[in-house]
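So you can see what is in the structure, the chains are spelled out below.
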Amino acid sequence: MADRTALVLGATGGIGGEVARRLKGRGWMVRALHRDPSRIGSRDGLVWVPGDALVASEVAAAAEGCSLIVHAVNPPGYRNWGEVVLPMLDNAIAAARQNGARILLPGTIYNYGPFAFPLLDEHSVQQPVSRKGRVRVEMEARLRRATMQGAKALVVRAGDYFGPRAGNNWFSQGLVKPGRPVTAVTYPGRPGVGHQWAYLPDVAETMVRLVERADLDAFATFHMEGHWDHDGRQMIEAIKRVVGRLDLPVRRLPWRLMALASPFVPLFRELREVKYLWEQPVRMTNARLLSTIGEEPHTPLDEAVRATLLGLGCLKQSERPAQNISGAMHGQGRS
C-alpha cells in the first residue's frame, strides 16, 4: 500500500488502540481522533487530532489524505448506542469516499442468529435476533453500498476479546475483577458448551496484515479462529494455571438476578440480549483467512491469559504459574 496514513476512530478503546499501535509499529502515520487531545498527550506516539466522530466535517478534516480509516468507535459509556452508532459510521463512510480509503470495521457475531449455528463462515446468513445484531447488520450493509461509491471496506470478525488493554469485554467484566487478585472465576456459559475467544493483539496483527494487502476485494470479510474452547473449561483452566490456583472456585454468572435487575440497569439488558451466544456452541472457521495470509497470528493460551491478567492488575509480575502442570505457558498449543 503506497499511502500509509491511517485515521483511527476509537483509539482509546481496546481494539482501536491495539490496531493503532500495531500500525504505528509497522511504519504507518497514524492519526487518532479525540474530542480533547490535551487529555491524551503523546500517548503511543500517535498524532492526536481534535474532533468528534459524530461531526462529519471534523471526521472529514482528520481523514484528509488517509488510505485507511479504522472505525472502532463507540459512544462514551455506550450511551444511546443504537441512536448514534450509524451516524458515526456514515461520517466515516463519507470521509472514506472522499479519499478513496478503506474502512476497517471490527465485526461481531451478533449479526447471526441460532439458525446459522454452530459453524459460521463468511457466507453464513445474517439473521440477527437482538437489537444490537440488527444494527450491526445494517452497518455492514452500509459499508457494502459505500464500496459502490468509491470507498473500500474490510470486516474482520473474531470471538470474545481478551487482552492486556482490551477494555469492555466478558473476560474483564465477567470472569475476573480488574485490579484485584483472582479469587474465583465467574463463567457465563453452560458446562460443556464450546466458546470462541480472541486475543486482542492477535486480532490487531491479523487486521494489519490484511489492510496491507493490495489484492483484497472492495468489500472483504474474514473470520478468525482465535482460541476455541471446546468444552467451556479451557479458559477457566488456563486462568487456574496462570495464577497457580488449581482449586480456584468457579461460579455461574447469575443470569436470573440480572434479568430481575435489567429494567433498572441498562448494561444488564444489553448482556441478556446476547445470552444465547453462551447457551450453544458458536464457532467461526478461518479457511478464507488462511488462504489469504497463510497463517493466523496465534499467541498460546496461557501466555495470552498471563499477559491479560497482568494488564488488568490481577497478577503481579513476580507471580509464577503452577509448576506441576505439564504444557503450561511456553508448551501450550492451540486451545
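These numbers were taken from a predicted model, which means no experiment stands behind them.

Thresholds applied
Residues numbered from 1 in each chain as written. Predicted model: local features only at pLDDT ≥ 70, side-chain atom pairs only at ≥ 80, totals over all residues. Heavy atoms only, no water. pLDDT = per-residue confidence, 0-100. Contact = heavy atoms within 4.5 Å. Helix = DSSP H or I, 4+ residues; strand = E, 2+ residues; numbered from the N terminus. Expected span 1.5 Å × (residues − 1). Buried < 20%, exposed > 50% of the residue type's maximum accessible area, 1.4 Å probe, protein only. Salt bridge = Lys/Arg side-chain N within 4 Å of Asp/Glu carboxyl O. Phe/Tyr/Trp six-rings, centres within 6.5 Å; stacked < 30°, edge-to-face > 60°. Pairing = 2+ DSSP bridges. Axes fitted to C-alpha atoms, helices over the stretch in contact; angles between N-to-C directions. Core = buried A, V, L, I, M, F, W, Y, C linked by side-chain atoms within 4.5 Å.

Caption draft 1: Inspection of the confidence of the model for the protein chain at higher detail. Within the protein chain, residue pLDDT values average 90, and 92% of them lie at 70 or more. Predicted confidence is poor over residues 322-335, with pLDDT under 50, and the contacts of this stretch with residues over four places away or in other chains come to 28 contacts.

Caption draft 2: Focus on helix 1 (residues 14-25). Look at helix 1: 17 Å from first C-alpha to last across 12 residues, which is about the 16 Å you get at 1.5 Å a residue. Buried residues dominate helix 1, accounting for 9 of its 12 residues. Just past helix 1, the residue Gly27 takes up positive phi, approximately 90°.

Caption draft 3: Structural context of the pattern of salt bridges. Within the structure shown, the criterion is met by 21 salt bridges. For Arg209, the salt bridge goes to Glu205, with nearest N and O atoms at 2.8 Å. Here Arg209 and its partner Glu205 are both found in helix 6 (residues 200-211), 4 residues apart, which amounts to about one turn of the helix. Since its relative accessible area comes to 27%, Arg209 is described here as partly exposed. Its relative accessible area of 11% is what places Glu205 among the buried residues. Here Asp302 and Arg241 are joined by a salt bridge, their closest N and O atoms 2.7 Å apart. Here Asp302, found in helix 11 (residues 301-311), pairs with Arg241, found in helix 7 (residues 234-243); they are 61 residues apart in sequence, far enough to count as distant. One network of salt bridges, in which partners are shared, links Arg4, Glu18, Arg21, Arg22, Arg26, Asp44, Arg165, Glu205, Arg209 and Glu212.

Caption draft 4: Region of interest: the packing of aromatic side chains. Taken as a whole, this structure holds 9 aromatic pairs when the rule is applied. Aromatic side chains Trp170 and Trp278 sit 5.3 Å apart centroid to centroid with 75° between the ring planes, which places their arrangement in the edge-to-face category. Of this pair, Trp170 sits in helix 5 (residues 170-175) while Trp278 sits in the loop between helix 9 (266-273) and strand 14 (283-284), and the two are 108 residues apart along the sequence. Trp170 sits in the buried class, given a relative accessible area of 10%. Since its relative accessible area comes to 3%, Trp278 is described here as buried. An angle of 65° between the planes, with centres 5.9 Å apart, marks the rings of Trp197 and Trp278 as edge-to-face. Here Trp197, found in strand 10 (residues 195-199), pairs with Trp278, found in the loop between helix 9 and strand 14; they are 81 residues apart in sequence, far enough to count as distant. We note that Trp197, like Trp278, is buried. Members of the aromatic cluster, joined through ring pairs, are Phe162, Trp170, Phe171, Tyr187, Trp197, Tyr199, Trp255 and Trp278.

Caption draft 5: Here's a closer look at the sheet that holds strand 10. Strands sit in the order 8-10-12 across an open sheet of 3 strands; the sheet is mixed. The sheet is open, and its two borders are formed by strand 8 (160-162) and strand 12 (227-229), each paired with just one other strand. Strand-to-strand twist of the sheet, defined as the mean angle between neighbouring strand axes without regard to direction, takes the value 35°. Alignment of strand 8 against strand 10, held across 3 bridges, turns out to be parallel. By the bridge assignment for strand 10, Phe162 is matched with Tyr199.

Caption draft 6: Broad picture of the pairing of strand 5 (residues 102-107). Across the 6 residues that make up strand 5, a large majority, 6, are buried. What you see with strand 5 is no split at all: Arg102, Leu104 and Pro106 on one side and Ile103, Leu105 and Gly107 on the other are buried throughout. Here strand 5 runs beside strand 7 (residues 152-157); their pairing, made up of 6 bridges, is parallel. Bridge pairing in strand 7 places Arg102 opposite Lys152.

Caption draft 7: Fine view of the nonpolar core. In terms of nonpolar packing, the biggest core is built from 39 residues, with Phe171, Ile239, Val305 and Leu309 touching the most fellow members. For this core, the elements supplying multiple residues, two or more each, are helix 5, strand 9 (185-187), strand 10, helix 7, helix 8 (255-261) and helix 11. A per-element tally of this core places helix 7 first, with 6 residues. Setting aside anything within four residues of it in sequence, one finds Leu309 in contact with Phe171, Val176, Val182, Ile239, Val242, Val243, Cys314 and Leu315.

Caption draft 8: Spatial organisation of the sheet that holds strand 3 (residues 47-50). Overall, parallel pairing links the 7 strands, which are arranged 3-2-1-4-5-7-11 in an open sheet. Unpaired on one side and paired on the other, strand 3 and strand 11 (219-223) mark the two borders of the sheet. Between one strand axis and the next, the sheet turns by 20° as a mean value, whatever way the strands run. Direction of pairing for strand 1 (residues 5-9) relative to strand 2 (residues 29-34): parallel, over a ladder of 5 bridges. The residue bridging Leu7 from the neighbouring strand is Arg31, located in strand 2. Where helix 6 meets the sheet, it contacts strand 4 (68-71), strand 5, strand 7 and strand 11, and its direction lies at approximately 155° from that of strand 7.

Caption draft 9: Focus on unusual backbone geometry. Residue Pro118 is reached from Phe117 by a cis peptide bond, and omega for that bond is 10°. Here Pro118 lies in the loop between strand 5 and strand 6 (119-120).

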